[in-house]
Amino acid sequence: MSRDVTAPPVPAIEVDGLVQRYGPTTAVDGLSLEVRRGEVFGLLGPNGAGKTTTVETLEGYRTPQEGHVRVLGLDPVAEGVALRPRIGVMLQEGGIYPGVRPLEALELFASYYDDPDDPERLLDLVGLDGARRTLVRRLSGGQRQRLSLALALIGRPELVFLDEPTAGMDPHARSTTWRLVRGLRDEGVTVVLTTHAMDEAEHLCDRIAIIDRGRLVTLGTPAELTRAGAGDETRFTAPPGIDRSELAGRLHLSAGAVREERPGEYVLAVAARPDLIVDLAVYLRDHDLPLTELRTTRHTLEEVFLRLTGDRA
Amino acid sequence: MKLRAVLSQARVELRLTVRRGESLLVTVGIPVGILVFFSKIDTLSDVADPVAFLVPGILALAVMSTAMVSLGIATGYERHYGVLKRLGSTPLSRAGLLSAKTLNVLAIEAAQVFLIVVIGVALGWSFTAGILPAVGLLLLGTLAFAGLGMLLAGTLRAEANLAVANGLFLVLLFLGGIAYPLDRLPGVLQAVAKVLPAAPLAETVRAVLDHPAHLPGGYLAALIAWAVLAPLAAVAWFRWEE
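Residue positions are given per chain, counting from 1 as you read along its sequence in written order. Each chain gets a letter, beginning with A, and each ligand a number, beginning with 1, in the order they are written. In keeping with the predicted nature of the model, local features appear solely for residues at pLDDT of at least 70, side-chain atom pairs appear and are counted solely at 80 or more, and the whole-chain, interface and lining totals rest on all residues.

1. Quick look at the overall build of chain B
Logical step 1: A count of helices and strands for chain B gives ten helices and zero strands.
Logical step 2: For the purposes of this entry, the term helix denotes a DSSP run of H or I that reaches at least four residues, the term strand denotes a run of E that reaches at least two, and both are numbered from the N terminus. If you list the helices and strands of chain B from N to C, you get α-α-α-α-α-α-α-α-α-α.
Logical step 3: Put simply, the radius of gyration uses C-alpha atoms, and a globule should come to 2.2 Å times the residue count raised to 0.38. By the compact-globule yardstick of 18 Å for 242 residues, chain B fits well, its C-alpha radius of gyration being 18 Å.
Logical step 4: Principal-axis analysis of the C-alpha atoms gives chain B an extent of 55 × 35 × 30 Å.
Logical step 5: For chain B, with 242 residues in total, the buried portion stands at 48%. Burial is judged by counting the other C-beta atoms within 10 Å of a residue's own C-beta: 20 or more makes it buried, 12 or fewer makes it exposed, and any count in between marks it as partly exposed, with every C-beta position built from the backbone.

2. Some details on the sheet that holds strand 4 (residues 66-71) of chain A
Residues and elements named next belong to chain A.
Logical step 1: One open sheet accounts for three strands, arranged 2-1-4; its pairing is antiparallel. Of all the strands in the sheet, just strand 2 (25-35) and strand 4 have a single pairing partner and so form its edges. Between one strand axis and the next, the sheet turns by 25° as a mean value, whatever way the strands run.
Logical step 2: One bridge is not enough; two strands pair if DSSP finds at least two bridges between them. Taken together, the eight bridges between strand 1 (residues 13-22) and strand 2 define a ladder with antiparallel strand orientation. Each bridged residue has a counterpart across the sheet, and for Q20 the counterpart in strand 2 is V28.
Logical step 3: Two residues form a contact once the distance between their C-beta atoms, set from the backbone, is within 7 Å. Note on geometry: axes are lines fitted to C-alpha atoms, helical ones only across the stretch in contact, with angles between N-to-C directions running from 0 to 180 degrees. Together, strand 1, strand 2 and strand 4 form the strand contacts of helix 1 (residues 51-58), whose direction differs from that of strand 1 by roughly 120°.

3. Re the interface of chain A and chain B
Logical step 1: If you look at the interface, chain A gives 21 residues, while chain B gives 18 residues.
Logical step 2: With three residues, the top contributor of residues to the side of chain A that touches chain B is helix 3 (residues 102-110) of chain A.
Logical step 3: Gly falls in the polar group here, along with every residue not listed as nonpolar (Ala, Val, Leu, Ile, Met, Phe, Trp, Tyr, Cys, Pro) or charged (Asp, Glu, Lys, Arg). Classifying every residue of the side of chain A that touches chain B by side-chain character gives twelve nonpolar, five polar and four charged.

Right, dumping it as structure tokens:
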């Protein structure tokens, strides 16, 4: 096969019409998506949406029943020997010997790779240098997760799969993990992560796919996904009892678009465009009213997620 | 398959085996305990040379404890904890993992054999010939028992595997011609014992250490059958995820 030098690089991941069934249940139902090189890609979905099945198919644990997948241009099952040195995997269930110590585990995994990272450096990076000699079974859940993350990175992978990486982590460990993932992206590593934490997806991911019942519901950047829903609002706090119809007139809004949710807390049912802010500021100045808070809110990813996947409840 | 990976894998697994106290009890405590105990009390008073009778059986028991019980239980828990699954996405191949486990088993068996021979000699055992055939038979037994251990580890839940492996160890100890001669058992049990893997190993090792030319054909055939069928069954039914 000849390679055209002008051709764009192979995508990190291609999924095309993937179907996976367990007995009568269809876990993945015709999923297609593409992950670009060097991006942090989030796979979101309710429990049982097919996230883990999809990721495990990409990792080579399951053969696609229909459709096909390519990881770094390779078939994860047939070409696993070539693929495995290039990927890093963090499973939902740790998968580490309970009787081993963190440094031993990292040194062992380092021996599998030709050009591994330094175990000491990684231990330090995930904040486990203080627990290097503690048996894995005595580590806390969050510490085990961090060791699992370090093990996923020991082979200097081009592509990392993180299946719910921050589940069970305290806020401190979580922020360490986030910093690490951002660091990976800066180094050009592609990251695929599944998560339930919407703030995590919003903060970390370049693009997000929301899947439900094994199907792709939507795919885009966090900004695109949150913009897609209407319902932007501007909120401000000022003395209670402002004449709402007068204010609405000055802001060129219908009377119904101005609400006083609680005394002194006002909601304008529009986005905070600069001219709106100017009109609001002029109105308040003319009435000699102090403005104590002003913010604009947008649909959170969580709201988008619940709206797109919530119709089963 | 990278040698460096296999060797570190074997080293770590060996370290983990040594760290498990209960595993040392089965692989060292029980064989040595039975050897010393049964050579001192006089249940074997009618046997010409009790220590010479016991040592080959204890060697068979040692192989059983390491290849079946220790390997099988450790592997069952590795499966339970997802370790086997996790290793599946590293460059360490399954062949590499199995090689490491084989090295681990052979290293422990070497230590066991050394210890049992030293204690046997201290108890008055003298051996002249048959060492090489005995080693060959013990390796054949290792194949049989490792196959059984892996078959259980790869098909049962970790707790069930633990119970079955230990239970089987006890049954095979009683029906293995190890602590007392097989002819002390009632006829039916004797017939059963002869086709289970423990007695064929103990009896063939005992025979070659007694006289290298004496290799009981029936026992040898049974041992070879177990050494072939048990690993094949393990390969056929082993599931990497629990």
